[in-house]
Amino acid sequence: MSTKKTMTLNLTEAEMNALEELCVEKDMSKTALLRQALRLYQLVNARLRGGEKLFFEDEIAKEKKELVVL
Amino acid sequence: MNSSHRIPLLNNVTGEFVEAILHERIDSAYALRVDDIWLTYLAAAEARANAEGRPFARLEHAHWSWLAKVAGSSRLLSCPTLAIECEGEPQGLMLLKTDGHFANLPNEAGRPLVYVTYLASAPWNLRGVVDRPRFSGIGTLLMRAAVQVSIEAEFKGRVGLHALPQAESFYECHGFACLGKDPDKENLKYYELTPEAADAFINRRKP
């Protein structure tokens, strides 16, 4: 598959802790998790740019909250 | 077009392997070319069959517009669009999704998988359309690529898909487990490949 390029990533301790926790929860390496996050961010961004909105829905409380993405 | 790899493909006419190219990303122009070539070929094959008084089995996916499918996912990392090209013609296409799909099999439930949105071989490679397909193994090579995408995403080879009835036996032969008909997907049968089955599939002897 595609040739990979290597980069150095500078994270704070809190960010690294969060990354490591997610890696354990998702059973993924840091690289795989960040690649997955990039794929998701690109998808969400494309759909928001297309005029769609992103919501979290609480079915019990019957609440919908829009997620605003950078 | 993004990166491409050389892969061997069996030419049924000569009985020899030839070099094909696996494209990891195709664009709308490529998809438009596929629609043009494949639909023209199908129309000619049907006209020939009609003229000769032979029955012509309609493909379940003959109406697919690859342009529409690829245009909706172009450049999205979470929607890989792969193609196999040989002798200057598209031999097979596949669209995948790497986000938003999770396994349903008991031991894998909730774990992410690569979902095969669409997969098709060129009509001249299909036994239902021609007596002697020009190339063999297009579907298997594309499925191998899907498993590879899953492994690279660290989904451990998990793959899921809804199969058209004409393709069910293909997936069953390749180790996919059937989870029954899905009423939310036109009652198509839903299949999944476990990490173990993916491992067995990917380690089968390559041509």
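For the structure itself, look to the data block above.
Residues numbered from 1 in each chain as written. Chains lettered and ligands numbered in written order. Predicted model: local features only at pLDDT ≥ 70, side-chain atom pairs only at ≥ 80, totals over all residues. Heavy atoms only, no water.

Enquirer: Honestly, the nonpolar core in this entry has me stumped. Any pointers?
Expert: Nonpolar side chains in soluble globular proteins generally cluster together in the buried interior. Residues and elements named next belong to chain B. Counting residues in hydrophobic clusters, the biggest one holds 36 residues, and the most contacted among them are Ile84, Met94, Val116 and Met143. Counting residues per element, this core draws most heavily on helix H3 (residues 138-152), at eight residues. If we skip the residues at most four places from it in the chain, Val116 touches Met94, Leu95, Leu96, Met143, Ala146, Val159, Gly160 and Leu161. Listed in part, the 14 residues of the second largest apolar core include Tyr30, Ala83, Leu93 and Leu95. (Core = buried A, V, L, I, M, F, W, Y, C linked by side-chain atoms within 4.5 Å. Buried < 20%, exposed > 50% of the residue type's maximum accessible area, 1.4 Å probe, protein only. Helix = DSSP H or I, 4+ residues; strand = E, 2+ residues; numbered from the N terminus. Contact = heavy atoms within 4.5 Å.)

Enquirer: Would you mind going over the side chain of A:Arg39 with me for this structure?
Expert: In this structure, A:Arg39 sits in helix H2 (residues 30-49). Nearest to the buried, unbridged A:Arg39 among oppositely charged side chains is B:Asp99, at 4.9 Å. At a separation of 2.3 Å, a polar atom in the side chain of A:Arg39 contacts the side chain of A:Gln36. Sequence-distant contacts of A:Arg39, defined by excluding residues within four places in its chain, comprise B:Leu77, B:Ser78, B:Thr98, B:Asp99 and B:Ala153. (Lys, Arg positive; Asp, Glu negative; His and termini not counted. Salt bridge = Lys/Arg side-chain N within 4 Å of Asp/Glu carboxyl O. Polar contact = N/O pair within 3.5 Å; in protein donor to acceptor, adjacent residues only side chain to side chain.)

Enquirer: Looking at this structure, I do not really get the interface of chain A and chain B. What am I missing?
Expert: How big an interface is tends to be stated in terms of accessible area lost as the parts join. Taken together, the 15 residues of chain A in the interface contact 18 residues of chain B. Note on chain A versus chain B: buried area summed over both sides is about 1,500 Å², and carbon and sulfur give 52% of it. For the pair chain A and chain B, the number of links is two salt bridges. Notably, a salt bridge pairs B:Glu152 with A:Lys4, separated by 3.1 Å at the nearest N-O pair. Between chain A and chain B we count nine residue pairs in polar contact (both at pLDDT 80 or more) in total. Split by residue class, the side of chain A that touches chain B holds seven nonpolar, four polar and four charged. (Buried area = accessible area lost by both parts, 1.4 Å probe. Nonpolar A, V, L, I, M, F, W, Y, C, P; charged D, E, K, R; others polar.)

Enquirer: Before we go on, may I ask you to explain helix H1 (residues 28-51) of chain B in this structure?
Expert: An α-helix turns once per 3.6 residues; consequently, residues spaced three or four apart project the same way. All names here are of chain B. Taking 1.5 Å per residue as the helical rise, H1 with its 24 residues ought to reach 34 Å, and the 34 Å between its terminal C-alpha atoms agrees with that figure. Three or more residues of H1 are buried, namely Tyr30, Ala31, Val34, Asp35, Trp38, Leu42, Ala45 and Ala49. For H1, the elements touching its buried residues are strand E2 (16-23), helix H2 (66-71), strand E3 (81-86), strand E4 (89-97) and strand E5 (114-121). Taken from the residues just after H1, Gly53 is the one with a positive phi, measuring 70°. (Expected span 1.5 Å × (residues − 1).)

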